[in-house]
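This is what each chain is made of:
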Amino acid sequence: MAAQDRIFAWVVVQEEGTDVLSPASQVWKSSQHPDLPFDIDALKNAVKAEFALRLQHVDAADQKVYAGDKELTTLSALVVDQSVGACEENPLRITYPPRAGVKAKRPRTLHPFRKELDAEEKEEEKDSAAATDAVDREAIGSSEAKQTHAV
């Protein structure tokens, strides 16, 4: 028995260079071309349509499709018995390049001057805490001394 062509796939999209994944979404084969197979190109077009705002700067051809860590590059039809992309728990991963001139989101680093200010503020907090502790110890000591003399 030959496998049937699939008419949908579950996908997550990810900007290249980041670890951020979209929630899983179901994309469908175009109803405008029911006679054409739902292959990788059709999937990329469906993803571009589904995520139009996020992918407005990306051509469908610039997307990459992955099943796990393996990139899918052939135009073979997505078939029903192929497990990846068949359910929300096991979606295909679609990556796309970041906008031109915009670097992928990376952890923000502080300007060296800001680091110096932060270090100074932490040092001042330590000094202030030490001074407060000394005052508290002195107050406790004089309170104990008064109690000793009162007895």
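In this report, the structure presented in the accompanying data block is examined. Treat the numbers as computed from the prediction; the structure is a model and nothing was measured. (Residues numbered from 1 in each chain as written. Predicted model: local features only at pLDDT ≥ 70, side-chain atom pairs only at ≥ 80, totals over all residues. Heavy atoms only, no water.)

### Things to note about the nonpolar core
- Ranked by size, the top nonpolar core spans 19 residues in total, and within it V11, V27, L43, V47, V65, L92 and I94 carry the most contacts.
- If you tally residues by element for this core, the top one is helix α1 (residues 40-50), at 4 residues.
- Residue contacts for L92: discarding those within four places in its chain leaves A9, W10, V11, V12, L43, V65, Y66, A67, L72, V84 and G85. (Core = buried A, V, L, I, M, F, W, Y, C linked by side-chain atoms within 4.5 Å. Buried < 20%, exposed > 50% of the residue type's maximum accessible area, 1.4 Å probe, protein only. Helix = DSSP H or I, 4+ residues; strand = E, 2+ residues; numbered from the N terminus. Contact = heavy atoms within 4.5 Å.)

### Concerning the environment of A46
- Structurally, the position occupied by A46 is in helix α1.
- Relative accessible area serves as the criterion here: at 13%, A46 is assigned to the buried category.
- Sequence separation between A46 and V27 is 19 residues, and the spatial gap between their C-alpha atoms is 6.0 Å.
- When residues no more than four places from it in sequence are discounted, the contact partners of A46 are V27, W28 and F38.

### A closer look at α1
- Every buried residue belonging to α1 is among I40, L43, K44, A46 and V47, and all of these are buried. Taken around the axis of α1, the buried residues stretch over an arc of 160°, which confines them to a single face.
- At its buried positions, α1 is contacted by β1 (8-15), β2 (25-28), β3 (64-67), β4 (70-72) and β5 (92-96).
- Where α1 begins, the capping side chain belongs to D39, and its oxygen is found 3.2 Å from the backbone nitrogen of D41. (Arc of directions from axis to C-beta. Polar contact = N/O pair within 3.5 Å; in protein donor to acceptor, adjacent residues only side chain to side chain.)

### A few points about the sheet that holds β4
- With respect to topology, 5 strands assemble into an open sheet ordered β2-β1-β5-β3-β4, the strand pairing being mixed. Every other strand in the sheet has two partners, leaving β2 and β4 as the edge strands with one partner each. The sheet shows a mean angle of 45° between the axes of neighbouring strands, direction not considered.
- Summarising the sheet, β1 and β5 pair through 5 bridges and their orientation is parallel. Bridge pairing in β5 links Q14 to T95. (Pairing = 2+ DSSP bridges. Axes fitted to C-alpha atoms, helices over the stretch in contact; angles between N-to-C directions.)

### Quick look at the packing of aromatic side chains
- One pass over the structure, following the stated rule, counts 1 aromatic pair.
- Summarising the aromatic geometry, the rings of F8 and W28 are spaced 5.3 Å apart at their centres and angled 45° between planes, so their arrangement reads as tilted. With F8 in strand β1 and W28 in strand β2, this residue pair connects regions lying 20 residues apart in the sequence.
- Judged by relative accessible area, F8 falls into the partly exposed class, the value being 21%.
- The side chain of R93 reaches across the aromatic face of Y66, ending 4.4 Å from its centre. (Phe/Tyr/Trp six-rings, centres within 6.5 Å; stacked < 30°, edge-to-face > 60°. Lys NZ or Arg CZ within 6 Å of the ring centre and 35° of its normal.)

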